[in-house]
Protein chains: 2
Amino acid sequence: MNIYDVSKKAGVSIATVSRVLNGNTNVSEKTKQRVLDVMDELGYTPNVFARGLGLNTMKTIGIMCTDSSDVYLANAVYYLEQELRIQGYDCILCCTGTNHENKKKYTELLLSKRVDGIIFVGSKFLDEEPSCNAYIIDAAKTIPVMLVNCYLKGNNIYCTQCDDETAVYSVTDSLIKSGHTNIVYLYTSTSQSGQNKLAGYKKALELNHLPLKKEFMQLCNKDILRAKEYLTGLFADNISFDAVVTSDDSLAVGALKFAYEHHIPVPQDLSIVGYNNSILARCTEPELTSIDSKVEALCTTTVNTLMGVFNGSDVPSRTHITADLIKRNTTLF
Amino acid sequence: MNIYDVSKKAGVSIATVSRVLNGNTNVSEKTKQRVLDVMDELGYTPNVFARGLGLNTMKTIGIMCTDSSDVYLANAVYYLEQELRIQGYDCILCCTGTNHENKKKYTELLLSKRVDGIIFVGSKFLDEEPSCNAYIIDAAKTIPVMLVNCYLKGNNIYCTQCDDETAVYSVTDSLIKSGHTNIVYLYTSTSQSGQNKLAGYKKALELNHLPLKKEFMQLCNKDILRAKEYLTGLFADNISFDAVVTSDDSLAVGALKFAYEHHIPVPQDLSIVGYNNSILARCTEPELTSIDSKVEALCTTTVNTLMGVFNGSDVPSRTHITADLIKRNTTLF
């Protein structure tokens, strides 16, 4: 199905379809409407047609991230830029912060710049309140929207996610199976991805008939010191624990600092697991066992899917990628 | 001096100057040449005029970096994007790698996209061979070129640099004054900034009448393991040293790993100094003393200078920013 089908079905020339696509005013309202109706009927967005013709494209993709100085997001931006460059696309980078109004404003700005697609990196763009996600749904009415490591159902929205829940479930289950009974879970965020990770922790405890303890699940943001201090507080309260699972390497670094300060041997008396397998995991002594959340694969897949959308290929709206556990020296299994 | 001066001096209307600026063909070759000659004589680039008039601008800046996943460069890209956004500019991000042809190709690509300016981040864009820098000089013929932490002399090129030489000189001098005599210097790069840092190390030794030893100056790239292994090699050869100064925190992490493996107390028997004061400096035990190379100030100054160029203000072509030494626990002074 292509521009010829539209031309044929609408009973107008290909040139007329092109004019409509390019917003050329040299077309009667009636003809324009007929062409748009046919395009709608055939279920293609104008952009896909235009791109197939090499028309009306800036060859530019908007990359939205909350904070490109974050180690994980910086890696994602890097891999996306590299992949898009190979495909001949430029990237406009938008660092939005976490404020909802800014996310919306920058999305509209990218649309006004007529980018060919928008990639949202990380799950901090999603809100539990559906009305707060309307700006993403709205953007997808005009251009393809790609979500890296989060999921939102909608037309023209394509999601590539790391299976965070399974990753945390597996490592927590392994810790339990190897004799750990008091496992603390420290997390950075209550984003969708953050909730999936927490669900993995809870599932492992439940399936192993271990109690869920509120004091063992703590939000610390991405704050090394806060992680260290929270564990110091548990220790001071004589609440014992034999493992710390985290949703980010930075919190695992904090856990190691706690152990160092209190002369607790790691991994003999305390196991620690990081997440993202970032450079931080290789800076500490002992080096951190960490879950590799496959940021490069997520980004490559996202760009491949986007190119598939541009080419009119049949692409999945949701793709899962499995994380790897990288075993280093803060765990014994 | 502004578009009115050009109009007056060339004896044409402001509208005609605008037409020339916008590449409008509705101007005779003779008139066009006269306008261009006057602009040349007055020493302004067409873009500056055009921007002053709000004409012909994409409100987009190209950011060139060799690798945005690098911790230092990722921070720079983040701060540049934030500052440019405040000023109403979008960023097109180009990660070029270190290949000369790619740097040139991406620069030309940005020019063809009619960006309003290009910011080159880091000194890896410069080559000791002047002909290899022609692509930067050439770009500056069309639009302002900003260099973050490197220096290249040329019209329409503006440089903001951290005083790397003084920073390394000062910390090395402090180490010598506090009794260290065998100071190893590990570095990541022979870029201009890398050479400035090395020059600071050499200067401190020379002014303190200490010998320069070849085996005490080693290129390790940004490789934690390589730094660790190089020091392990010196140790195995019974070459003793009492301090390690580095050009990047990653190498200081490697030095700490060497000390840890050989049970050398830090900082009592070995002082270690990092560079860039990145998150890596806070991940280790003990935490790293590190030189803060002021990446945020470099980026803010770069964007302010660029806005000054756009406004036709009198801006310096070269700005220096002084680094800070952040004292933590791998040094005693």
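In this report, the structure presented in the accompanying data block is examined. (Residues numbered from 1 in each chain as written. Chains lettered and ligands numbered in written order. Predicted model: local features only at pLDDT ≥ 70, side-chain atom pairs only at ≥ 80, totals over all residues. Heavy atoms only, no water.)

**Description of the overall build of chain A**
Quick reminder of the rule: We count a stretch as a helix when DSSP gives it H or I for four or more residues in a row; a strand needs E for two or more, and each element gets its number in order from the N terminus. Only the protein chains shown count as cover for residues, and the accessible areas themselves come from Shrake-Rupley with a 1.4 Å probe.
Along the backbone of chain A there are 12 helices and 12 strands. Accessible surface for chain A amounts to roughly 14100 Å². Of this, 47% is attributable to carbon and sulfur atoms.

**Thoughts on the pairing of strand E4 (residues 145-148) of chain B**
Residue and element names in this part refer to chain B. Put simply, the test is: Only protein chains enter the accessibility calculation, which uses a 1.4 Å probe. A residue is then buried if its area is under 20% of the maximum for its type, exposed if over 50%, and partly exposed in between. When DSSP finds two or more bridges between a pair of strands, those strands are recorded as paired. Whether a crossover is right-handed comes down to one check: with the strands pointing away from the viewer, does the path from the first strand over the helix to the second run clockwise; if it does, it is right-handed.
Burial of the side chains of E4 extends over both faces: Val145 and Leu147 are buried on one face and Met146 and Val148 on the other. Where strand E3 (residues 117-121) lies against E4, four bridges are found, and the strand directions are parallel. Following the sheet pairing, isoleucine 119 is matched in E4 by methionine 146. The parallel pair E3 and E4, bridged by helix H7 (residues 134-139), forms a crossover whose chirality is right-handed.

**Some thoughts on the packing of helix H10 (residues 224-236) of chain B against helix H11 (residues 249-261) of chain B**
Residue and element names in this part refer to chain B. Rule in force here: Working convention: axes come from line fits to C-alpha atoms, limited for helices to the stretch in contact. Angles between N-to-C directions cover 0 to 180 degrees. An angle counts as roughly parallel when it lies under 35 degrees, as roughly antiparallel when it exceeds 145, as roughly perpendicular when it falls between 65 and 115, and as oblique in every other case. Crossings are classed by handedness, with left-handed meaning an anticlockwise turn of the near helix from the far one by less than a right angle and right-handed meaning a clockwise turn. A contact between two residues is defined here by any heavy atoms of the two lying within 4.5 Å. Charged residues are taken to be Asp, Glu, Lys and Arg, nonpolar residues to be Ala, Val, Leu, Ile, Met, Phe, Trp, Tyr, Cys and Pro, and polar residues to be all remaining types, Gly included.
Running from N to C, H10 and H11 cross one another at 45 degrees; their axes reach a closest spacing of 7 Å. Classed by the angle they form, the pair H10 and H11 counts as oblique. Read as a crossing pair, H10 and H11 show a hand that is right-handed. Contacts between H10 and H11 pair Ile224, Ala227, Lys228, Leu231, Thr232 and Phe235 from the former with Ser250, Leu251, Val253, Gly254, Ala255, Lys257, Phe258 and Glu261 from the latter. Considered class by class, the residues forming the contact of H10 with H11 number eight nonpolar, three polar and three charged.

**A closer look at the sheet that holds strand E10 (residues 289-292) of chain B**
Residue and element names in this part refer to chain B. Strands sit in the order E7-E6-E8-E9-E10-E12 across an open sheet of six strands; the sheet is mixed. Two strands lie at the open edges of the sheet, namely strand E7 (217-219) and strand E12 (324-326), each paired on one side alone. Across the sheet, the mean angle separating the axes of adjacent strands is 20 degrees when strand polarity is ignored. With four bridges joining them, strand E6 (residues 183-187) and strand E8 (residues 243-246) adopt parallel strand pairing. Across the sheet, tyrosine 185 pairs through a bridge with valine 245, a residue of E8. Strands E6, E7 and E8 of the sheet are contacted by H10, whose axis makes an angle of about 150 degrees with E6. Against the sheet, H11 touches E6, E8, strand E9 (271-275) and E10, its axis set at about 155 degrees to E9.

**Section: the nonpolar core**
Here is a general trend for soluble globular proteins: nonpolar side chains tend to be buried in one another's company. What counts, and what does not: Put simply, a nonpolar core is a bunch of buried Ala, Val, Leu, Ile, Met, Phe, Trp, Tyr and Cys residues held in one set by side-chain atoms that sit within 4.5 Å of each other.
The biggest cluster of nonpolar side chains holds 152 residues, and the ones touching the most others in it are Leu84 of chain A together with Leu84 of chain B. Ignoring anything within four residues of it in the chain, the contact list for leucine 84 of chain A reads Ile61, Ile63, Tyr89, Cys91, Ile119, Val303, Leu306 and Met307 of chain A. Listed in part, the 42 residues of the second largest apolar core include Met64, Phe125 and Leu147 of chain A together with Ile118 of chain B.

**Some remarks on the relation of the copies chain B and chain A**
What relates the two chain copies is a rotation about an axis together with a slide along it. The cut-off we apply is this: We place the copies in one frame by least squares, fitting the C-alpha atoms of every residue whose pLDDT is at least 70 in both.
The two copies are related by a screw motion: chain B maps onto chain A through a turn of 180 degrees and a shift of 0.1 Å along the axis, at an RMSD of 0.4 Å. As the rotation angle and translation indicate, the two copies are arranged about a two-fold axis. If distances are taken from each C-alpha of chain B to the rotation axis, the shortest is found for isoleucine 92 of chain B, at 2.1 Å. Residue by residue, 100% of the interface of chain B is reproduced at the interface of chain A, so both copies engage with the same surface.

**Considering the pattern of salt bridges**
So the rule is basically this: A carboxyl oxygen of Asp or Glu within 4 Å of a side-chain nitrogen of Lys or Arg is what we treat as a salt bridge.
What the rule picks out here adds up to 26 salt bridges over all chains. Among the salt bridges present, the one from lysine 222 of chain B reaches aspartate 70 of chain B, with a minimum N-O distance of 2.5 Å. In this pair, lysine 222 of chain B sits in the loop between E7 and H10 while aspartate 70 of chain B sits in the loop between strand E1 (60-65) and helix H5 (71-86), placing the two residues 152 residues apart along the sequence. Classification of lysine 222 of chain B by relative accessible area gives partly exposed; the value is 41%. Looking at aspartate 70 of chain B, the relative accessible area reads 15%, which means it is buried. One connected set of salt bridges, linked through shared partners, spans Glu81, Arg85 and Asp90 of chain A together with Lys113 of chain B.

**Some remarks on the environment of tyrosine 89 of chain B**
Residue and element names in this part refer to chain B. Note on placement: tyrosine 89 falls in the loop between H5 and strand E2 (90-95). Judged by relative accessible area, tyrosine 89 falls into the buried class, the value being 4%. Taking the C-alpha atoms as reference points, tyrosine 89 and aspartate 116, 27 residues apart in sequence, are found 9.1 Å from one another.

**Here's the deal with the interface of chain B and chain A**
What counts is decided by this rule: Buried area: the sum, over both parts, of the accessible surface (1.4 Å probe) that disappears when the two are put together.
Contact with chain B, which involves 34 residues of that partner, is made by 34 residues of chain A. With both sides pooled, the region where chain B packs onto chain A buries about 3000 Å², and carbon together with sulfur makes up 59% of that total. Joining chain B to chain A, the criterion identifies six salt bridges. Put simply, the parts of the chain that give the side of chain B that touches chain A at least two residues each are H5, E2, helix H6 (100-112) and H11 of chain B. The dominant element in the side of chain B that touches chain A, judged by the number of residues it contributes, is H5 of chain B, at eight residues. Looking at side-chain class alone, the side of chain B that touches chain A contains 18 nonpolar, six polar and 10 charged residues. Where strand E2 (residues 90-95) of chain A lies against E2 of chain B, three bridges are found, and the strand directions are antiparallel. Note that in E2 of chain B the partner of leucine 93 of chain A across the bridge is cysteine 91 of chain B.

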